[in-house]
Amino acid sequence: MRQILLSLIMLFLAASAQAGEVDRLYVIDCGWAHAVDQSRWSPGVNVGVPIDFSDNCYLIHHSSGGYLLWDTGITDSLAALPEGRAVPALGQTWYRSQTLIAALAALGVNSGNVRYVALSHVHPDHAGNVDEFPDATLIIQKAEADFLATQSQKPFAPGHKMQPIEGDKELLGDDSLVILSTPGHTPGHQSLLVHLAKTGYVILSGDAVHLQSNWDNRRVPDFNYDKAQSLASMEKIARVLDEKHAQLWINHDKPSSDARRYAPEFYE
Ligand SMILES: [Zn+2]
């Protein structure tokens, strides 16, 4: 009898060790953009229709792992430009209402408290403030680091402490944070599967998909690096959503972002 009880306890402990959770997930406003023509992101659909994009950073706290920041948004320097900055190639204008550093300070967090900065990819609206976190370990796919090496514009100083990874990767040893390789938008694009005690599983999908309607219709912008990879990554995300009964949080989809609780509120 005692043997059976012991086995049951061991089984329970093993099960709970595999189902680790992070304590808190904050959604931080990391800028927004107005674009004159949505069809740049949805080829042939909503031609000439203007659209606004949200752009979020996500601060995650783990009881033993500390703080991880997922994406850093558009450069903080835009907070000093109320008229925004135009990006003519995309027909967009970008804005920031407050700096990321100020948003973190309002939560009692400074740059040195952030142990990891993980980026979905290295485009400027996601990698804008990496240099504000010189002590953090940068987590990106090796394929993304290789892609960055070929680019003339560098979003952050070369030589930043980095942990390049290849494919899917469990980060903290308890399955609370799992990087999912989701290439296509860029060569080494990645997403993050987050496990929270009350909220359950959430996938932060970077730019694997830009808009809810693009997700529903599996639309891929023409400017993505690889269309077939983009579609395969969406299918992979759909499988994980199904397996984990997870929510998909589409970073740039403003109506979905508007429905989220922003910092200082948080998800647990
Ligand atoms: Zn983006």
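Structure: see above.
Residues numbered from 1 in each chain as written. Predicted model: local features only at pLDDT ≥ 70, side-chain atom pairs only at ≥ 80, totals over all residues. Heavy atoms only, no water.

1. What about the packing of aromatic side chains?
- All told, the structure shown has six aromatic pairs when counted by the stated rule.
- Taking the centre distance of 5.5 Å and the plane angle of 65 degrees together, the rings of tyrosine 26 and phenylalanine 266 count as edge-to-face. With a gap of 240 residues between them, tyrosine 26 in strand E1 (residues 24-35) and phenylalanine 266 in the segment after helix H6 (254-258) connect regions that are remote in the sequence.
- Given the relative accessible area of 24%, phenylalanine 266 is considered partly exposed.
- Ring centres of tryptophan 32 and tyrosine 95 lie 4.4 Å apart, and the angle between their planes is 15 degrees; on these two criteria the pair is classed as stacked. Taken as a pair, tryptophan 32 in strand E1 and tyrosine 95 in strand E5 (residues 92-95) lie far apart in primary sequence, 63 residues in all.
- What makes tryptophan 32 partly exposed here is its relative accessible area of 31%. (Phe/Tyr/Trp six-rings, centres within 6.5 Å; stacked < 30°, edge-to-face > 60°. Helix = DSSP H or I, 4+ residues; strand = E, 2+ residues; numbered from the N terminus. Buried < 20%, exposed > 50% of the residue type's maximum accessible area, 1.4 Å probe, protein only.)

2. What about the nonpolar core?
- Counting residues in hydrophobic clusters, the biggest one holds 26 residues, and the most contacted among them are Ile28, Leu59 and Leu119.
- Elements that contribute at least two residues to this core include exactly E1, strand E2 (51-62), strand E3 (66-70), helix H2 (100-105), strand E6 (114-118), strand E7 (137-141) and helix H3 (142-149).
- When near neighbours in sequence (up to four residues on either side) are disregarded, isoleucine 28 contacts Asp55, Asn56, Cys57, Leu59, Leu100, Ala103, Leu104, Leu107, Tyr262 and Ala263.
- Counting 21 residues, the second largest nonpolar core, distinct from the first, contains Ile60, Tyr116, Leu171 and Val194. (Core = buried A, V, L, I, M, F, W, Y, C linked by side-chain atoms within 4.5 Å. Contact = heavy atoms within 4.5 Å.)

3. A look at the pattern of salt bridges
- Summed over the entire model, instances satisfying the criterion amount to six salt bridges.
- For the salt bridge of lysine 236 with aspartate 168, the shortest nitrogen-to-oxygen distance reads 2.7 Å. Pair noted here: lysine 236 is in helix H5 (residues 227-244) and aspartate 168 is in the loop between strand E8 (162-165) and strand E9 (169-170), with a separation of 68 residues, a long-range link.
- Accessibility expressed as a relative area gives 17% for lysine 236, which makes it buried.
- On the basis of relative accessibility, which here comes to 43%, the residue aspartate 168 falls in the partly exposed class. (Salt bridge = Lys/Arg side-chain N within 4 Å of Asp/Glu carboxyl O.)

4. Concerning the sheet that holds E7
- Overall, mixed pairing links the eight strands, which are arranged E4-E5-E1-E2-E3-E6-E7-E8 in an open sheet. Two strands lie at the open edges of the sheet, namely strand E4 (85-87) and E8, each paired on one side alone. Ignoring strand direction, the axes of neighbouring strands in this sheet form an average angle of 25 degrees.
- Contacting E7 and E8, H3 crosses the sheet at an angle of about 90 degrees to E7. (Pairing = 2+ DSSP bridges. Axes fitted to C-alpha atoms, helices over the stretch in contact; angles between N-to-C directions.)

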